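Examining the three-dimensional arrangement
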Amino acid sequence: MGNDAKLMVLGNGPSLRPEHFPAFQGIDALGMNAAYRFWQRIGWYPAYYACLDPQVVVSHADAIARMIGEGRFRRAF
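Residues numbered from 1 in each chain as written. Predicted model: local features only at pLDDT ≥ 70, side-chain atom pairs only at ≥ 80, totals over all residues. Heavy atoms only, no water.

1. Some details on the overall build of the protein chain
Put simply, the test is: Elements are defined by DSSP. Helices are runs of H or I of four residues or more, strands are runs of E of two residues or more, and each kind is numbered from the N terminus. What the globule rule says is 2.2 Å times the number of residues to the power 0.38, and the radius of gyration is computed from C-alpha atoms. Remark: exposure states derive from per-residue accessible area (1.4 Å probe, protein chains only) relative to the maximum for the residue type, with buried under 20%, exposed over 50%, and partly exposed in between.
The number of helices and strands found in the protein chain is three helices and four strands. Each helix (α) and strand (β) of the protein chain, taken in turn from the N terminus, gives the series β-β-α-β-α-α-β. Taken over the C-alpha trace, the protein chain has a radius of gyration of 13 Å; the compact-globule value for 77 residues is 11 Å, and the two agree within 12%. Each of the three principal axes of the protein chain carries a C-alpha extent, and together these read 35 × 25 × 20 Å. Here the protein chain holds 77 residues, and the buried ones make up 35% of them.

What follows is the structure, encoded as C-alpha cells:
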C-alpha cells in the first residue's frame, strides 16, 4: 500500500444504507460481524471481513465459511 491507500471501515448500525455504497467505489472496505446479511441483500461485499464477536462466530459459522469458500473477500479474519 502506498501513502494514498484508503480503507473504509463499515459499521453494522442503522446508518448502513444502500445509497451510501456508490461513494465506496474504488475504496477497499472492511466489513464486520453479521453485516454480511445486508451485503447479501444488496449484492456487494467488502474486500476484507472480520468477525470479532465470539457469539457471531459460533452462531453464523456456516454462513461465514460459505462466503469465505466462495471467495467473497480478499482476506477474512
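2. Looking at the nonpolar core
Convention followed: Joining through side-chain atoms within 4.5 Å is the link that ties buried Ala, Val, Leu, Ile, Met, Phe, Trp, Tyr and Cys residues into a set, and such a set is a nonpolar core. Any two residues whose heavy atoms approach within 4.5 Å are treated as being in contact.
Counting residues in each nonpolar core, the largest one holds 19 residues, and the members touching the most others are Phe 21, Tyr 36, Trp 39 and Tyr 49. Among the elements of the structure, α1 (36-42) and α3 (61-69) are those that each provide at least two residues to this core. Contact partners of Phe 21, with chain neighbours within four places excluded, come to Leu 10, Leu 16, Phe 38, Ile 42 and Trp 44.

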